[in-house]
Every structure is written in structure tokens, then in C-alpha cells.
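Residue strings, one per chain:
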Amino acid sequence: MDSLRAFENSEPEDTELFKHQTLFKDFNMDEFQNDRKSNSSFHFNLPEELKAKGVVISSLDEVKENPQFKQSLISNSKIGDKFLHMNNAMFASGLYIYVPKGIEIEEPIRLTTNIDSNLISKAVLVLDSNSKLNVIKEDYSKGDNSPVLYSDCIEVLIKDGAELHLSHLQNLGQNVVHLANKIGTCHRDSKILWNIGYFGGKKVRSRVHSILLGEGSEAEDVEVAFGNNEQKFDVYSTLLHTGKNTTGRVLNNCVLKDKAVSIIKGMIKISEGAKNSN
């Protein structure tokens, strides 16, 4: 109920600096009400040899009481974003991935979502100390041209010395409104690399939050959007330096034609005590 109340009472932008720079002032959930039965689906690959090493991929329903799952959500609970609150309040499906301590997975794990109706989902990834994971996430849609809402949130907890490479390819139909939130919390000497490509969607709202909590942690956020017709992209990246000697890099770009529109925003925050961070 707290998340739902926060969604209903929040503005599309939560900062004074960007409150007028948004493409989602007129967002209305009523536009997406329909009685169509959902056939949206998730697909993922997990080889048997990884299961034997303790790697877990499961639905969120199966791990709600898992301490690792609860810790990952607690670590991200202070981000005040309207549509993140909506996802927290309304998500009905999703995935949980856990990589045990010291396990390095070189072959990418591929996650594919096929959307044909409204979908609000969440993925939670936990990398234990000194582990490594590569993920490729692909989003596609099917069906007619009626309005569809897709809200997806990826929350990542990366423990000491772990490393995550996450690539996201979004190629949705231009009848889909896409609300994307990505949150990565990096502990000591850990690293996260976001590689994101937006090709589809009628309106896309992307928020990437990289939280450099531990000393020596690193984050790189590379995003590109390709738009045509009347597509709209609202892209915002934040880097929060909390630990000492942290490194962050953001590179966002849009390539547009026809009547396509984009807003690209960013924020870098260096907390008191985060010495030698850049």
C-alpha cells in the first residue's frame, strides 16, 4: 500500500531541476484498460552444469522469503521515482537470479520477454562475492495496435569483487508504452556495465540508477535509442558515489528521424567522504 500511495501522490519527476523536462506529465493508467487475456511470456536458459554449482533462476513467487531477495529490495528502497513505486506496487510476475560466491559464468544467460498485453514485471539479480555474470535481456511484442503498457524493473545487488555485464535490447511495437527502471548497487571492488538499446515503443521512459556504495566500485552506463515516426524517449541516468575511489561513466545518445523526440538527462552525486571518486 505504501508504494501504491507513493505512485499516486508523486510527480513524474522527483527533482526540482527536471520537473518540467518530462514526456510523461499526461500519463494515464486508464488508457491501458482492456479485458484481453495476457499471453505474455518469459523465456530463459540455465544449463544443468550451472544448476549443479548453485546458480538459481526462478520466478519471484518462489523466493519471496529468501533473505538474499529481501536484502536486494531493501538496498534499493530509498529511490523515490513515481513509476518505480508503481512497479513495486503492481508487479505480477518476474524473475530471480542468484550467482553463488566465486562462480564466474562466461556464457551469457539470455532472458527473452514476448509481450502481447499489459505487463508489469520485475527481475532481481544477486551476485555474491567474487562472482561474474553476463546477461542479455531481449524484449519483443506481438498482437494488434491497441495500447499496451509494459513496466519492467531490474534490481541488482553486486557484492564485493563481483562483476555484472547486462545488455538490454528492446524492440517493442510502436503501440507499447515502456517504463523501464534499472538499479544497481555495487559493493567493494565490484563492477556493473549496462549496455542498453531502445529501438521500439511508442513512448519510452528509461531510468538507470548506479549506486557506488563500496570502495573501489565501478559503473558504466551506455545507452542508445533509435527513433522514427512519432516515437518519444525520456532517458535519465544517475551515478551516486558513496564509497571512496569509485569510478562512473555514462554515455547516452539518440538517433532520430521524422517526428521522433527525445529528452536526455543525467545526474552525478558525490557524497561527503567519497574521496577520489570520478
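First things first, this report covers the structure right here in the doc.

What counts and what doesn't
- Residues numbered from 1 in each chain as written.
- Predicted model: local features only at pLDDT ≥ 70, side-chain atom pairs only at ≥ 80, totals over all residues.
- Heavy atoms only, no water.
- Pairing = 2+ DSSP bridges.
- Helix = DSSP H or I, 4+ residues; strand = E, 2+ residues; numbered from the N terminus.
- Axes fitted to C-alpha atoms, helices over the stretch in contact; angles between N-to-C directions.
- Contact = heavy atoms within 4.5 Å.
- Left-handed = near helix turned anticlockwise from the far one by under 90°.

## Points about the sheet that holds strand β2 (residues 56–59)
Think of a sheet as strands paired side by side through backbone hydrogen bonds, with each pair either parallel or antiparallel. Pairing in this open sheet of eight strands is mixed, and the strands run β2-β3-β5-β7-β9-β11-β13-β15 from one edge to the other. Because the sheet does not close on itself, it has two edges, and the strands there are β2 and β15 (261–270). Averaged over neighbouring strand pairs, the angle between their axes works out to 10 degrees when direction is ignored. Where strand β13 (residues 232–241) meets β15, ten bridges bridge the pair, whose relative direction is parallel. In the strand pairing of β15, L239 is matched with I268. Sitting on the sheet, helix α4 (residues 82–90) touches β5 (119–127), β7 (148–158), β9 (176–186) and β11 (203–212), and the angle it makes with β7 is about 90 degrees.

## What about the packing of helix α1 (residues 2–9) against α4?
At a closest axis distance of 8 Å, the pairing of α1 and α4 adopts a crossing angle of 145 degrees. Considering the relative orientation of α1 and α4, their crossing is left-handed. Residue-level inspection shows S3, L4, A6, F7 and E8 of α1 in contact with α4, the latter providing K82, F83, H85, M86, N88, A89 and M90.

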